[in-house]
Structure formats: structure tokens, C-alpha cells
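Inside the fold
Chain residues, written in single-letter form:
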Amino acid sequence: MYEIPLGPVAHRDPWLLGLGDRLRLFHRRSIRVAYFSSRPNNSSFRYRVFAMAQIINESDIEVGASWFYQSDGAVLDEVFRTADVVVVHRSEYTARLEELIRSAQARSIPVLYDSDDLVFEPRLIPLLLNTLNQPLPDDEREPIWMVWFSMIGRQRATLELCDGFIGSTESLIEHARPLGLPVHHVPNFPTREQQTYSDALVTSRRDAGNRRDGRIHVGYFSGTPTHVKDLAIASDGLRRLAAKYPEVVIRLVGYMTPEEAGLEGMGSQIEQVPFTDYLNLQRVIAETEISVAPLQANAFTHCKSELKWFDAAAVAIPTLVSPTKSMTSAVTDGVDGIVVRNHEWFTTLEELVENDLGQEIGTRAYESVTERYAPSRNLSAVLNALSLPQGGSM
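The notes below deal with the structure included here. The structure displayed is predicted, hence computed values, not measured ones.

Brief notes about the overall build of the chain
What the chain contains, in helices and strands, is 17 helices and twelve strands. Expected size for 394 residues packed as a compact globule is a radius of gyration near 21 Å; at 22 Å, the chain falls within 12% of this value. Dimensions along the principal axes, computed over C-alpha positions, put the chain at roughly 65 × 55 × 35 Å. A burial count over the chain gives 57% of its 394 residues as buried. When contacts within the chain are restricted to residue pairs at least 6 apart in sequence, long-range pairs at least 24 apart make up 75% of them. Approximately 15,900 Å² of the chain is accessible, and the part contributed by carbon and sulfur atoms is 51%.

Have a look at this one:
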């Protein structure tokens with residue numbers, strides 16, 4: 001494990017502003033972009049709403065952006081009627097949301113639907129549930145069917161009300177294309193806070209000589225136990241690696257337990273790190289010599305973004321990835337990441353442990369993510385998706 005002199009940071013989600021502050025952001029410039037989401041969270045909302053609004057507001061253009069929630073109530077009428085563009089972030093249908101969308105459209109204000117997951121195709125619900133390790137009960141009255149068909153069906157209903165689609169990957173866009181709507185690709189990218197702290201962590205670690213404590217940590221940054229089938233792809237290779245090298249420690253970060261991961265009984269060679277906020281997660285990743293991102297191969301996972309690669313790349317840590325479409329598009333195999341087939345996990349990990357722990361790949365990943373995923377690099381894609389000129393005047 002790397003020893004990093006720079007400590008954890010006190011963190012508060014920067015999007016947790018009061019309504020008054022969000023309205024001031026909305027009205028501060030002549031062109032107004034309103035992002036709507038049912039409620040905020042530190043995952044999809046962070047990338048698809050806050051990060052987008054943040055780079056708009058930090059730019060020297062006449063476009064301002066803010067974000068609003070279902071709980072903002074009557075204020076939403078004014079927002080939807082006075083925006084120049086509205087973006088609805090993966091929100092389930094309600095009659096109130098339809099009313100707001102139609103009020104904007106009646107004033108020729110375009111309303112776009114944004115998503116970073118394939119959550120709008122009801123026919124793929126069985127595949128989605130299976131991927132997430134959820135039960136597929138025979139009884140039609142089981143609540144899981146009602147919950148998921150309601151959720152995905154309502155997402156689809158919202159999408160069909162909108163005038164265009166913004167997706168985080170090309171594969172995701174292909175699933176929206178049959179609707180006949182204009183489609184745009186805007187990748188996920190880190191917030192300014194995440195980029196700044198990640199850069200500081202890399203500098204701190206390098207200034208300390210990339211000093212390590214003698215153990216080799218291989219990390220899986222899962223978030224939730226719904227990824228157990230993904231990790232299962234690599235679990236045998238991880239077990240074999242730990243058996244061969246006593247200095248190897250498998251690091252599970254998030255809510256997944258060793259038992260859920262199929263890595264029980266490994267004693268001191270398994271380490272569970274509790275779920276942490278997204279900024280301090282970067283420090284946990286930066287301590288970890290190798291990151292693994294195994295993923296099943298199906299229509300749902302091919303639409304997922306390359307987040308697990310660029311989060312680690314942001315702190316110059318090499319990542320072993322499965323060959324999903326987004327990962328093979330983002331990663332140059334053997335240069336800024338390593339693409340691993342299902343049968344190759346042990347041999348690939350073994351090679352890294354025997355050599356330089358992928359430090360050179362981590363360095364090139366850092367250079368790549370800085371060049372391609374820095375927030376400022378994606379402003380043009382955001383403005384293009386919103387049909388706003390780069391100079392910000394209409």
C-alpha cells in the first residue's frame with residue numbers, strides 16, 4: 001500500500017445549496033440551463049447534473065446553469081417557463097413532471113432527457129435484474145416485478161416526452177436512437193473538486209517517493225453488493241494471487257462483504273473499507289497499487305461508462321478492465337490500462353506483481369485522463385448537446 005502524506009479532506013456535497021442560491025445561479029447570465037432531477041445523489045446526479053452545470057458556470061460565456069429537484073415545488077413552474085434549455089436527468093414519470101415538460105415545450109423551450117445507464121427499456125428488465133444479482137421470481141405478484149417495471153416504464157415515459165437524448169456512452173445512445181430523437185454523447189467526467197484533490201494526491205505520493213508499506217493492495221471499488229456477479233469474474237484469480245503472494249491484500253471498498261464477494265476465509269489478506277464520500281474515495285484508490293474493474297458482458301453493461309477506469313487513472317493507479325465497449329473505447333490496452341478476458345485475471349495480476357505493479361501504466365493513465373477527461377475539455381460537448389453556441393450567445 002502506498003503511503004500518502006496528504007490526509008483525508010472534510011467533505012460536504014457541493015450541490016447541497018439552498019433554493020435561493022440555486023435560483024441565483026440560474027438567473028445570473030442571459031442564457032439559462034435548468035437541470036431537473038427527482039433528487040440529488042453522489043453518483044449519477046454528480047456526473048450528469050452537477051459536473052455539467054459546474055463547467056458551464058466556471059466558463060467565461062453568457063450561459064448559466066443550475067439544478068432543481070421535485071421538492072422545489074411551485075418554483076419549478078417559473079424555471080421550466082424561463083429556461084432556454086431544460087435537461088431532465090433520469091427521472092421517473094409523474095403527472096407533475098409531464099405538466100412541467102409540456103409548459104416548456106409550449107414556449108418552444110427544448111427539453112432533453114439525460115442518462116448514464118440503460119434504465120429506459122422495459123424489455124431488458126430480466127437482463128438487468130440478473131446482472132444486478134436480483135431474484136427473478138415465478139410469481140407474477142412478487143413486488144420486485146412491480147417495482148422494476150414501474151421504475152423503468154416511468155423512465156421510458158419521461159424519455160418519450162422529451163425532445164432529445166443525452167447519453168454517457170455511444171452504446172447507450174444506440175438504445176435511444178430508435179425513438180427518432182436527436183441524440184448526443186457527453187461522457188462522464190470528474191467534478192472540479194475531484195480533479196483538484198486527485199492531482200494533489202498524485203503530487204503528495206510522488207513527492208514522498210511512491211513509498212510503500214511492503215504490502216500489495218489490489219482494490220475493487222464496488223459501492224454496492226449488486227456487483228457481486230461482476231467481481232465473481234475475477235474472484236478466482238484474486239484468490240490464486242493471494243495464495244501465491246502472502247504480501248497481497250484484496251481490498252473491497254463499499255458495502256460488499258468478503259462473503260458476498262466469494263472471498264471469505266482469507267484472513268488478513270482481505271480488507272474491507274467502508275463506503276466513503278467520493279472525494280476521500282480518491283485517496284483510498286491512490287493508496288492501492290492495482291485497481292480491478294471486472295464487468296459482465298451484456299447489453300446493460302456495454303452501456304455503462306468507464307468511470308472505474310478514470311477514477312483510478314485520476315490518481316495514477318493502473319486498472320485492469322473487462323472488454324466492455326466503453327472500456328475498450330476509453331483504454332489503450334497495455335498503455336493506459338489493461339484489458340483482461342475472463343480467463344486472464346490471475347496471469348495478468350501475477351505479471352503486474354512480478355514486475356513494476358503497473359506504475360508506468362498508471363502514469364500514462366493519469367496523463368490520458370488529464371488530457372481527455374478534465375472538466376474544461378468537455379465544455380464543447382456539453383454546449384453542443386444543449387444546442388448552444390460555444391461562445392454562449394444565441
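Points about unusual backbone geometry
The phi dihedral of N133 is positive, around 60°, even though this residue is not glycine. Tracing the chain through its elements places N133 in the loop between α5 (125-131) and α6 (143-161). One non-glycine residue, N210, lies in positive phi territory at about 50°. Tracing the backbone shows N210 in the loop between α8 (192-207) and β7 (216-223). For N210, a relative accessible area of 28% gives the class partly exposed.

Remarks on the layout of surface pockets
Summary: where empty space remains is shown by rolling a probe the size of a single water molecule over the atoms. Taken as a whole, the second largest pocket encloses approximately 220 Å³ of empty space. Surrounding the second largest pocket, 14 residues form its lining, E170, H185, E306, S326 and S329 being those nearest its centre. Listing elements by their share of the lining of the second largest pocket, those giving two or more residues are α7 (170-176), α14 (325-330) and α16 (359-373). Per element, the largest residue contribution to the lining of the second largest pocket is four residues, and it comes from α14. Among the residues making up the lining of the second largest pocket, the classes are represented as three nonpolar, seven polar and four charged.

Concerning the sheet that holds strand β11 (residues 319-321)
Pairing is parallel across the open sheet formed by six strands, whose spatial order is β9-β8-β7-β10-β11-β12. Every interior strand has two partners, whereas the edge strands, β9 (270-273) and β12 (338-339), have only one. The pairing of β7 with strand β10 (residues 290-293) spans two bridges and is classified as parallel. Among the inter-strand pairings, G219 is bridged to a residue of β10, identified as S291.

Looking at the pairing of strand β8 (residues 248-254)
Within β8, seven of the seven residues are buried, which leaves the element mostly enclosed by the surrounding structure. When β7 meets β8, the two strands line up parallel, connected through seven bridges. Looking at β8, one finds that G219 is bridged to R251. One crossover worth recording links β7 to the parallel β8 by way of helix α9 (residues 228-244), and it is right-handed. Where β8 meets β9, four bridges bridge the pair, whose relative direction is parallel. Bridging across to β9, I250 finds its partner in I270.

Quick notes on the sheet that holds strand β6 (residues 183-185)
Overall, parallel pairing links the six strands, which are arranged β2-β1-β3-β4-β5-β6 in an open sheet. Strand pairing shows two members of the sheet lacking a second neighbour, β2 (63-69) and β6, which therefore form its edges. On average, each strand axis in the sheet is tilted by 25° relative to the strand beside it, whichever way the strands run. The pairing of strand β5 (residues 164-167) with β6 spans three bridges and is parallel. Note on β6: the bridge partner recorded for G167 is H185. Packing against the sheet, helix α1 (residues 19-27) makes contact with β1 (31-37) and β2, and its axis sits at approximately 150° to β2.

Describing empty space enclosed by the protein
Inspection of every chain in the model, using the stated rule, returns four cavities of 30 Å³ or more. What the largest cavity holds in volume is close to 80 Å³. Lining the largest cavity, in full, are P190, Q195, S198, D199, A314, Y366, V369, T370, Y373 and A374. Elements supplying a minimum of two residues to the lining of the largest cavity: α8 and α16.

Some points on the packing of α1 against helix α3 (residues 75-82)
As a packed pair, α1 and α3 sit with axes 12 Å apart at the nearest point and diverge in direction by 15°. It follows from the interaxial angle that α1 and α3 lie roughly parallel. Between α1 and α3 lies a crossing whose hand is left-handed. Within the contact between the two elements, α1 uses L19, L23, F26 and H27 and α3 uses V75, E78, V79 and T82. The residue makeup of the contact of α1 with α3, split by class, is five nonpolar, two polar and one charged.

Reading the values: the criteria
- Residues numbered from 1 in each chain as written.
- Predicted model: local features only at pLDDT ≥ 70, side-chain atom pairs only at ≥ 80, totals over all residues.
- Heavy atoms only, no water.
- Helix = DSSP H or I, 4+ residues; strand = E, 2+ residues; numbered from the N terminus.
- Rg over C-alpha atoms; globule rule 2.2 N^0.38 Å.
- Buried < 20%, exposed > 50% of the residue type's maximum accessible area, 1.4 Å probe, protein only.
- Contact = heavy atoms within 4.5 Å.
- Areas by Shrake-Rupley, 256 points an atom, 1.4 Å probe, with all protein chains shown as cover.
- 1 Å grid on protein atoms, 1.4 Å probe; cavity = no way out; pocket = protein on both sides within 12 Å on 5 of 7 lines; lining within 4 Å.
- Points joined across faces, edges and corners; volume = space filled by probe spheres on them.
- Nonpolar A, V, L, I, M, F, W, Y, C, P; charged D, E, K, R; others polar.
- Pairing = 2+ DSSP bridges.
- Right-handed = clockwise from strand over helix to strand, strands pointing away.
- Axes fitted to C-alpha atoms, helices over the stretch in contact; angles between N-to-C directions.
- Parallel < 35°, antiparallel > 145°, perpendicular 65-115°, else oblique.
- Left-handed = near helix turned anticlockwise from the far one by under 90°.

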